[in-house]
Amino acid sequence: MFRRILTAVDFSPCSQVAFDMAVALARTTGAVLDVLHVFQPPKTIPPELVVHHGPGDQSLTTLVRERAREELDALLANSGQRIGDAILEDGDPAERIIARASTSDCDLVVVGTHGRTGLAHAMIGSIAEKVVRLCPKPVLSVRVRAPDASWRDR
Ligand code: AMP
């Protein structure tokens, strides 16, 4: 059975469903659960830009990383699950998920997916699809339809 599960989270409702499934799988199998979030400072703004926020000035990258850490900590605290590694990285989400899965001794990767098709898929693409295609480890992709999905997404 699984000994180490890696799940990737983006804090969306779909990702929450996949995360809950990863927690359930870890509980059932006794596997260690690692959780990865990849944060991305906005591409059109220089990352060294200084933002006046709260008690002092911070670079945009620092601010985005801190926010991501807070969100990750809150997600994990609410899960009631003991977590192995809580990993925060920056970069391209699909690339980072695949790189982490490749170097970790995880035996399963769990991701959510919006299940976009047609135009939405062509425009936005799918991180889950890239991970399923290129990841060297088995991947469980949990498809969830967003409650506000329009007919174009069907
Ligand atoms: P998709 O809807 O096919 O693009 O895939 C979305 C799923 O990819 C999410 O449910 C997460 O499992 C994963 N994912 C997307 N963005 C990130 C991110 N920034 N960090 C970690 N995982 C992510």
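One can find the structure itself at the top, above this paragraph.
Right, let's walk through the structure included here. (Residues numbered from 1 in each chain as written. Predicted model: local features only at pLDDT ≥ 70, side-chain atom pairs only at ≥ 80, totals over all residues. Heavy atoms only, no water.)

**Focus: the overall build of the protein chain**
A count of helices and strands for the protein chain gives 5 helices and 7 strands. For the protein chain, the N- to C-terminal ordering of α and β elements is β-α-β-β-β-α-β-α-β-α-α-β. Out of the 154 residues in the protein chain, the part that is buried amounts to 39%. If you take every contact in the protein chain between residues at least 6 apart in sequence, the share linking residues at least 24 apart comes to 71%. (Helix = DSSP H or I, 4+ residues; strand = E, 2+ residues; numbered from the N terminus. Buried < 20%, exposed > 50% of the residue type's maximum accessible area, 1.4 Å probe, protein only. Contact = heavy atoms within 4.5 Å.)

**Considerations on the side chain of Lys137**
Structurally, Lys137 can be placed in the loop between helix H5 (127-134) and strand S7 (139-143). Here Lys137 is buried and forms no salt bridge, its nearest opposite-charge partner Asp105 lying at an N-O distance of 6.8 Å. (Lys, Arg positive; Asp, Glu negative; His and termini not counted. Salt bridge = Lys/Arg side-chain N within 4 Å of Asp/Glu carboxyl O.)

**A few points about the packing of helix H1 (residues 13-29) against helix H2 (residues 60-79)**
For any two helices packed against each other, the geometry is given by the interaxial angle and the distance between the axes. Following both chains from N to C, one finds H1 and H2 inclined at 45°, their axes separated by 12 Å at the closest point. Taken as axis vectors, H1 and H2 run oblique relative to one another. Both H1 and H2 take part in a crossing whose hand is right-handed. Contact residues: Gln16, Phe19, Val23 and Arg27 in H1; Leu75, Leu76 and Ser79 in H2. (Axes fitted to C-alpha atoms, helices over the stretch in contact; angles between N-to-C directions. Parallel < 35°, antiparallel > 145°, perpendicular 65-115°, else oblique. Left-handed = near helix turned anticlockwise from the far one by under 90°.)

**Comments concerning the site of the ligand**
The ligand sits among 17 residues. The nearest are Ala8, Val38, His114, Ser126 and Ile127. Note that an oxygen atom of the ligand is positioned 2.6 Å from one of the backbone N or O atoms of Ala8. The separation between an oxygen atom of the ligand and a polar side-chain atom of Thr113 is 2.9 Å. Coverage of the ligand by the protein amounts to 96% of the 500 Å² it exposes when considered alone. Put simply, the parts of the chain that give the shell around the ligand at least two residues each are strand S2 (32-39), helix H3 (93-103), strand S6 (108-113) and H5. For the shell around the ligand, the class distribution of residues is 9 nonpolar, 6 polar and 2 charged. (Near = heavy atom within 4 Å. Polar contact = N/O pair within 3.5 Å; in protein donor to acceptor, adjacent residues only side chain to side chain. Areas by Shrake-Rupley, 256 points an atom, 1.4 Å probe, with all protein chains shown as cover. Nonpolar A, V, L, I, M, F, W, Y, C, P; charged D, E, K, R; others polar.)

**A short note on the side chain of Ser126**
Structurally, Ser126 is set in the loop between helix H4 (118-124) and H5. A distance of 2.9 Å separates a polar side-chain atom of Ser126 from the backbone nitrogen of Glu129.

**Focus: the nonpolar core**
Ranked by internal contacts, the top residues of the largest apolar core, which has 22 residues, are Ile5, Phe19, Leu33, Val35, Leu76 and Val110. Counting only elements with at least two residues in this core, the list comes to H1, S2, H2 and S6. Here this core gets 6 residues from one element, more than from any other, and that element is H1. Ignoring anything within four residues of it in the chain, the contact list for Ile5 reads Ala22, Leu25, Ala26, Thr29, Ala31, Val32, Leu33, Asp34, Leu108 and Val110. Of all hydrophobic cores here, the second largest spans 15 residues; its members include Leu6, Ile87, Cys106 and Ala128. (Core = buried A, V, L, I, M, F, W, Y, C linked by side-chain atoms within 4.5 Å.)

**As for the sheet that holds strand S1 (residues 4-8)**
Read across the open sheet, the 5 strands follow the order S5-S2-S1-S6-S7; overall the sheet is parallel. Taken across any chain shown, the strands that pair with only one partner, and hence form the sheet edges, are strand S5 (86-90) and S7. This sheet shows a mean twist of 25° between the axes of neighbouring strands, independent of strand direction. Judged from the 5 bridges that link them, S6 and S7 form a sheet pairing that is parallel. Within S7, the residue paired with Gly112 across the bridge is Val142. Helix-sheet contacts for H1 involve S1, S2, S6 and S7, and the interaxial angle to S1 is about 170°. (Pairing = 2+ DSSP bridges.)

It is worth stressing that arrangement in space is one thing and function is another; only the former is reported here.
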